[in-house]
Amino acid sequence: MIRTKPKQPLFALAAATLVLTSVIAASAQQKTPPAPGAARPLNLPKITERKLSNGLTVVLAPLPNVPKVTTILTFRAAGTADDREKHPGIAQIAAGVANEGTDTRTSKQIKEELRSIGGSLGLGSDADSTSISASALSEFSTRMFALLSDVAQHASFPEAELKLAKENTIQRIHAGRADPGFLVGERFQKAVFGNHPYAFVVPDEKSINALSREDLKGFVATYYVPNIAHLIVVGDIDPEKTFAEIEKAFGSWKSGATPAEDNPPVPTRAKRQIYFVNRPGSIQSAIYIGNVSIPRKDKDYFSLRTADTILGGSFYSRLTRNIREDKGYTYSPFTASNTQATSGSYVAGAFVRNEVTGPTLLEIFYELDRMRVLPVTDEELKAAKEYSNGNFSIELASQSGLAGRINTIYTYNLSKDFISDFRAKIDALTPGDIEKAAAKYFDTYHAAIVIVGDWEKVKDQVTPFGEVTIYDAEGNVISK
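All values derive from a computational prediction rather than experimental measurement.

Enquirer: What exactly am I supposed to notice about the domain arrangement of the chain here?
Expert: Often, the extent of an interface is quoted as the loss of accessible area on bringing the components together. Its domain assignment divides the chain into domain 1 (48-250) and domain 2 (273-479). Placing a centre on the C-alpha atoms of domain 1 and another on those of domain 2 gives a separation of 29 Å. Summing the contributions of domain 1 and of domain 2, the shared interface buries around 2900 Å²; its carbon and sulfur component is 66%. It is Val-184, Arg-187 and Phe-188 that lose the most area in domain 1 upon contact with domain 2, and together they represent 23% of the buried surface on that side.

Next up, the structure:
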C-alpha cells in the first residue's frame, strides 16, 4: 500500500508563518522599546561590624542563597604605590607569590586543601591596597579562615616560586612594550600623575631581578598587618559562630605600626600637552585624552560617574554614536572615571586607523566640550540612571558582588549607607548636576593627550592640538 504524507504539518506550518508575520508587523509598528519595570527592592542582609583586639575590622553579611562563603581580606596600605621608591613592583610580586607556600604548607598542599573544601584563594594589588579573596563551601568555613590567616601571616615566598614570578613578570612587561594599549595607559598615568605614586605602572627589569625573599618578607611584615586591614565575609553564615571562627584564626595576629604616607601632590597642568609614544610601522593610533579628577570619596562621585556613562561609559553613549556609528572611525570608543583613595583620573579614548587620528581628536574634544556647556537631555539622563541602577542591582545579586561592594566602602572610607543609598543618589541627579560635573572635570584646555602610533604618518594631524613630547616604547624622551 502506498502511503502519503499527512497534510496536518503543512497546515501547522502555514499557521505558524501567519503568526510570525503578525508578530513582525506588530514589532515594526512599535518604534520605542517598552518601559522598564519598577525597580525591585534590594533586600540587603543585615551587615554587622566588629573588631578583634588586634585592630582587624570584621564585617559580616549573612546571605544564605547558596551554601557558600566568600571573603575579602584587604590591607589598605599595601598597594603598588607603597614602598615604590625602595622596591618598585614589590606589591605585585608579593601578591603573586604569597599563596605559593607558607611556613607550614607547600604550594601543593594549599591547592589540595582548597580543592577539598570546594574553595579558591587569590591575591591582587592595585595602587591603594592588596586584597586576599577566598571562598569555600560554608560547612568548611573554619578551614577556609585558617588557610586565609596562614597565607596572610606566614607566606614563605619559596625561592623557586619567586624566581618564576619574576620571570613571568618580566615577560609580561616585555609583551606590554609591544602592545599599544599597554603603552598608552602607562604613558597616560605618568603624564597625569607626574611624581605622585599613582603614576607607577610597572617596574623595570633590574628592579624586579633585585627583589629577594627577605625584601618580600619585610614588605608583608610592614604592610600585611591587622590594624590597617578589614575582613569582609558574605554568605551562608551565622554571624556569632562565624565571628568566633575568625577570632580563633586571626586573634593571635600581632598588630603593627601604621605606615606613614608622604606623597607629593598631584601635578597641575598649565596648558594642553601631547605625549606621543612613537611606534614606527603602526597602522593605527591609540588615543587617551584626560586629566586628574576626584578621589573615590568625593561628593561629586555620583554626578561624575553619570556624566561618564552618558559621554562614553555605556554602549549607546555620545562617543559611540559619534565616532563609531556616524563616522565609522572605530568600533569601541570609551570613557572611564578612575577614582582612587587620594585622587583619580578621567580618560576618553579610542583606537583608530592612522588617517583619522586628527579627526578623532577633534570629535572627542567636541563631545567633551558639548558636555561642559550644554545640559544633557532628559532621555539621556533617564537612560544613564536606569543603566547604573540596573547594573548595581545585578552586581549585588551574587556573594562576590556584594562582598566587593562592601569592601569598597571600607577600602575608601565611604559612608556605611553607600549601598542602600546608591539608587536614591543616582535618581536625584538633575541635568544641572551633570553639566556642573562635566564643566569641572572634563577640562579640555589643560588635558593630557597621549597617543601611541607612527609619528611620521600622523604628525601633521596631531601638532595642531598642542605642544608635543615624543617618547620611545621604553619611556625615553626622543624630542620635545
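Enquirer: How do you make sense of the pairing of strand 8 (residues 284-292) when you look at a structure like this?
Expert: Side-chain positions along a regular strand alternate between the two faces of the sheet. Taking burial as the measure, the 9 residues of strand 8 include 7 buried ones, the bulk of the element. Of the pairings in the sheet, the one linking strand 8 to strand 10 (residues 344-353) comprises 9 bridges and is antiparallel in character. Note on strand 10: the bridge partner recorded for Ile-289 is Ala-348. Sheet topology note: the strand 8/strand 11 (residues 448-453) ladder contains 5 bridges and is antiparallel. Note that in strand 11 the partner of Tyr-288 across the bridge is Val-450.

Enquirer: Would you mind going over the packing of aromatic side chains with me for this structure?
Expert: Here a ring pair, both rings aromatic, is described through the centre-centre distance and the interplanar angle of the planes. Enumeration over the complete set of coordinates arrives at 17 aromatic pairs. For the ring pair Phe-75 and Tyr-224, a centre distance of 4.6 Å and an interplane angle of 5° mean the geometry is stacked. Placement of Phe-75 in strand 3 (residues 68-75) and of Tyr-224 in the loop between helix 8 (213-223) and strand 6 (229-235) is noted, with a sequence separation of 149 residues between them. Residues Phe-75 and Tyr-224 agree in their burial class; the two are buried. With a centroid separation of 6.0 Å and 15° between ring planes, the pair formed by Phe-365 and Phe-465 is classed as stacked. Here Phe-365, found in helix 12 (residues 357-373), pairs with Phe-465, found in the loop between helix 17 (455-462) and strand 12 (467-471); they are 100 residues apart in sequence, far enough to count as distant. A relative accessible area of 5% means that Phe-365 is categorised as buried. Taken together, the ring pairs connect Phe-75, Phe-219, Tyr-223, Tyr-224, Phe-250 and Trp-253 into an aromatic cluster.

Enquirer: Where do I start with the environment of Leu-148 in this structure?
Expert: Along the chain, Leu-148 falls in helix 4 (residues 141-154). Among residues more than four places away in sequence, those in contact with Leu-148 are Thr-71, Leu-73, Leu-121, Ile-132, Leu-231 and Phe-250.

Enquirer: Sorry if this is basic, but what is going on with the side chain of Arg-296 here?
Expert: Following the sequence through the fold, Arg-296 ends up in the loop between strand 8 and helix 10 (301-313). Despite its burial, Arg-296 remains without a salt bridge, the nearest opposite charge being carried by Glu-395 at 8.4 Å. If we ignore the near neighbours within four places in the chain, the residues touching Arg-296 are Tyr-301, Thr-339, Gln-340, Arg-405, Thr-408, Tyr-412, Leu-414 and Phe-418.

Enquirer: What am I meant to see in the confidence of the model for the chain here?
Expert: Put simply, the chain has an average pLDDT of 91, and 92% of its residues get 70 or more. Within the model, the stretch residues 1-19 combines pLDDT values under 50 with 0 contacts to residues more than four positions away or in other chains.

Enquirer: What is the right way to read helix 12 from this model?
Expert: The α-helix winds at 3.6 residues per turn, so residues separated by three or four positions along the chain end up facing the same way. Between its first and last C-alpha atoms helix 12 spans 25 Å; for 17 residues at 1.5 Å apiece the expected length is 24 Å, and the two agree. Among the residues of helix 12, Thr-357, Gly-358, Thr-360, Leu-361, Glu-363, Ile-364, Phe-365, Glu-367, Leu-368, Met-371 and Arg-372 are the ones counted as buried.

Enquirer: Hey, could you run me through the sheet that holds strand 9 (residues 334-339) in this one?
Expert: The strands that make up a sheet pair up through hydrogen bonds in the backbone, lying either parallel or antiparallel. Ordered by their spatial adjacency, 7 strands build an open sheet running 9-10-8-11-7-12-13, and the pairing between neighbours is mixed. Two strands bound the open sheet, and with one partner strand each, they are strand 9 and strand 13 (477-479). Between one strand and the next, the sheet's axes are offset by a mean angle of 25°, whatever the strand orientation. Docked against the sheet, helix 6 (residues 180-193) engages strand 7 (273-278), strand 8, strand 10, strand 11 and strand 12, running at close to 25° with respect to strand 8.

Enquirer: What exactly am I supposed to notice about helix 5 (residues 159-177) here?
Expert: For helix 5, with 19 residues, the first-to-last C-alpha span of 27 Å sits near the 27 Å given by 1.5 Å per residue. For helix 5, every residue scored as buried is listed here: Leu-162, Ala-165, Lys-166, Thr-169, Ile-170, Ile-173, Gly-176 and Arg-177. Looking down the long axis of helix 5, one finds its buried residues gathered within 130° of arc, a one-sided arrangement. Set apart from the buried face of helix 5 by more than 90 degrees, the exposed residues are Ala-160, Lys-163, Gln-171 and Arg-172. On its buried side, helix 5 packs onto helix 2 (90-97), helix 6, helix 7 (205-210) and helix 8.

Rules of the game
Residues numbered from 1 in each chain as written. Predicted model: local features only at pLDDT ≥ 70, side-chain atom pairs only at ≥ 80, totals over all residues. Heavy atoms only, no water. Domains from an automatic or database assignment. Buried area = accessible area lost by both parts, 1.4 Å probe. Buried < 20%, exposed > 50% of the residue type's maximum accessible area, 1.4 Å probe, protein only. Helix = DSSP H or I, 4+ residues; strand = E, 2+ residues; numbered from the N terminus. Pairing = 2+ DSSP bridges. Phe/Tyr/Trp six-rings, centres within 6.5 Å; stacked < 30°, edge-to-face > 60°. Contact = heavy atoms within 4.5 Å. Lys, Arg positive; Asp, Glu negative; His and termini not counted. Salt bridge = Lys/Arg side-chain N within 4 Å of Asp/Glu carboxyl O. pLDDT = per-residue confidence, 0-100. Expected span 1.5 Å × (residues − 1). Axes fitted to C-alpha atoms, helices over the stretch in contact; angles between N-to-C directions. Arc of directions from axis to C-beta.

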